[in-house]
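Okay, here's what each chain looks like letter by letter:
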Amino acid sequence: REKIKRWKQEAHENEIALNTIREEEKKANETFQDKIDKLQEKLDSEAQLLKEVKANGTFQENIDKKKKKMQVELEGLYGMSVAAFSKALQQLRQLTTLTLQLGNSGLRAEGAAALAKALETLSQVTTLDLRLWNNDLGPEGASALAKALQQLRQLTTLTLQLGNSGLRAEGAAALAKALETLSQVTSLDLRLWNNDL
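Calculation rules
Residues numbered from 1 in each chain as written. Predicted model: local features only at pLDDT ≥ 70, side-chain atom pairs only at ≥ 80, totals over all residues. Heavy atoms only, no water. Helix = DSSP H or I, 4+ residues; strand = E, 2+ residues; numbered from the N terminus. Contact = heavy atoms within 4.5 Å. pLDDT = per-residue confidence, 0-100. Buried < 20%, exposed > 50% of the residue type's maximum accessible area, 1.4 Å probe, protein only. Core = buried A, V, L, I, M, F, W, Y, C linked by side-chain atoms within 4.5 Å. Axes fitted to C-alpha atoms, helices over the stretch in contact; angles between N-to-C directions. Parallel < 35°, antiparallel > 145°, perpendicular 65-115°, else oblique. Nonpolar A, V, L, I, M, F, W, Y, C, P; charged D, E, K, R; others polar. Polar contact = N/O pair within 3.5 Å; in protein donor to acceptor, adjacent residues only side chain to side chain. Salt bridge = Lys/Arg side-chain N within 4 Å of Asp/Glu carboxyl O.

> Please provide a residue-by-residue account of the overall build of the protein, values included.
For the protein, the helix and strand inventory stands at five helices and six strands. For the protein, the N- to C-terminal ordering of α and β elements is α-β-β-α-β-α-β-α-β-α-β. Across the protein, every contact between residues at least 6 apart in sequence was considered, and the portion connecting residues at least 24 apart equals 79%.

> Run through the confidence of the model for the protein, naming residues and quoting values.
Here the protein shows a mean pLDDT of 78. Residues at 70 or above account for 68%. Within the protein, the element-level pLDDT minimum falls on strand S1 (residues 59-64), averaging 47, and the maximum on helix H4 (residues 138-149), averaging 97. The model gives residues 55-68 a pLDDT under 50, and that stretch makes 38 contacts with residues more than four places away or in other chains. This stretch, residues 71-76, has a pLDDT under 50; its non-local contacts, to residues over four places away or in other chains, come to 27 contacts.

> A description of the environment of tryptophan 133 should follow, citing residues and the corresponding values.
Note on placement: tryptophan 133 falls in the loop between strand S4 (127-131) and H4. On the basis of relative accessibility, which here comes to 33%, the residue tryptophan 133 falls in the partly exposed class. In this structure, the C-alpha to C-alpha distance between tryptophan 133 and leucine 192, residues 59 residues apart in sequence, is 8.4 Å. Every residue in contact with tryptophan 133, bar those within four places of it in the chain, is listed here: Leu102, Gly103, Asn104, Gln161, Leu162, Gly163, Ser165 and Trp193.

> So what's going on with the nonpolar core? Which residues, and what values?
Counting 36 residues, the largest nonpolar core has Leu119, Leu128, Leu132 and Leu149 as its most contacted members. Of all the secondary-structure elements, those providing two or more residues to this core are helix H2 (79-89), strand S3 (97-101), helix H3 (109-120), S4, H4, strand S5 (157-161) and helix H5 (168-181). Sorting elements by how many residues they give to this core places H4 first, with six residues. Dropping the residues within four chain positions of it, leucine 119 is found in contact with Leu98, Leu128, Leu130, Leu145, Ala148 and Leu152.

> Account for the packing of H4 against H5, naming residues and giving values.
Geometry of a packed helix pair, given as the angle between the helix axes and the separation of the axes. Interaxial distance between H4 and H5 falls to 8 Å at its minimum, and their mutual angle equals 5°. If you check the angle between H4 and H5, you find them roughly parallel. Together, Pro139, Ala142, Ser143, Ala146 and Leu149 of H4 and Arg168, Glu170, Gly171, Ala174, Leu175 and Ala178 of H5 make up the contact between the two elements. A per-class count over the contact of H4 with H5 returns seven nonpolar, two polar and two charged.

> Run through the environment of leucine 192, naming residues and quoting values.
Secondary-structure assignment places leucine 192 in the segment after strand S6 (187-191). On a C-alpha basis, the gap between leucine 192 and arginine 168 in space is 9.8 Å, while along the polypeptide they are 24 residues apart. The residues contacting leucine 192, other than those within four sequence positions of it, are Leu162, Gly163, Leu167, Leu175 and Leu197.

> Any details on the side chain of aspartate 129? Residues and values, ideally.
Structurally, the position occupied by aspartate 129 is in strand S4. For aspartate 129, the side chain forms a polar contact with the side chain of arginine 131, separated by 2.8 Å. If we ignore the near neighbours within four places in the chain, the residues touching aspartate 129 are Leu98, Thr99, Leu100 and Thr159.

> Outline the pattern of salt bridges, listing residues and values.
What the rule picks out here adds up to three salt bridges. We note a salt bridge from arginine 131 to aspartate 129, for which the minimum N-O separation is 2.8 Å. Relative accessible area serves as the criterion here: at 11%, aspartate 129 is assigned to the buried category.

Laid out in structure tokens, this is it:
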């Protein structure tokens, strides 16, 4: 009887130990699954961003979230593609450094207007590099960009490469007016070659 009692006690203790192990495994699995779910959510979010901004031509992006920087290169894009990218760009409200390389990309006035609308929302930007040379921006596109620039009160470093973009005197005047309001800018690189000013 004593042995039977001891065996029952040992069986009970083993059952308790087994249940404890099962509980720990369950918790470990839940923690692991939670990490997987969070990772999947992050991947889905990044995939959605890429889906929104990717269009005709080639696309390259490198986002450094730690330093809040964004480097983007777009080529061979037209109005609607730039509009899609601009919509995504508006979500990056904490951005401080932005470089857009859209030279020779077929950008027209409507595309420049969409891009300008996005830039207006990036109030934290301190460094802006816009390379929009060899496009058909026209005076309308230049005026839209000029209006956006006036909203960037934190801007200190500005590069504008708008050569051969059909700005004309009207577009250049709009840009000049915008630059007058940016008294905080300490570094300016302005290139307006071949624009019939």
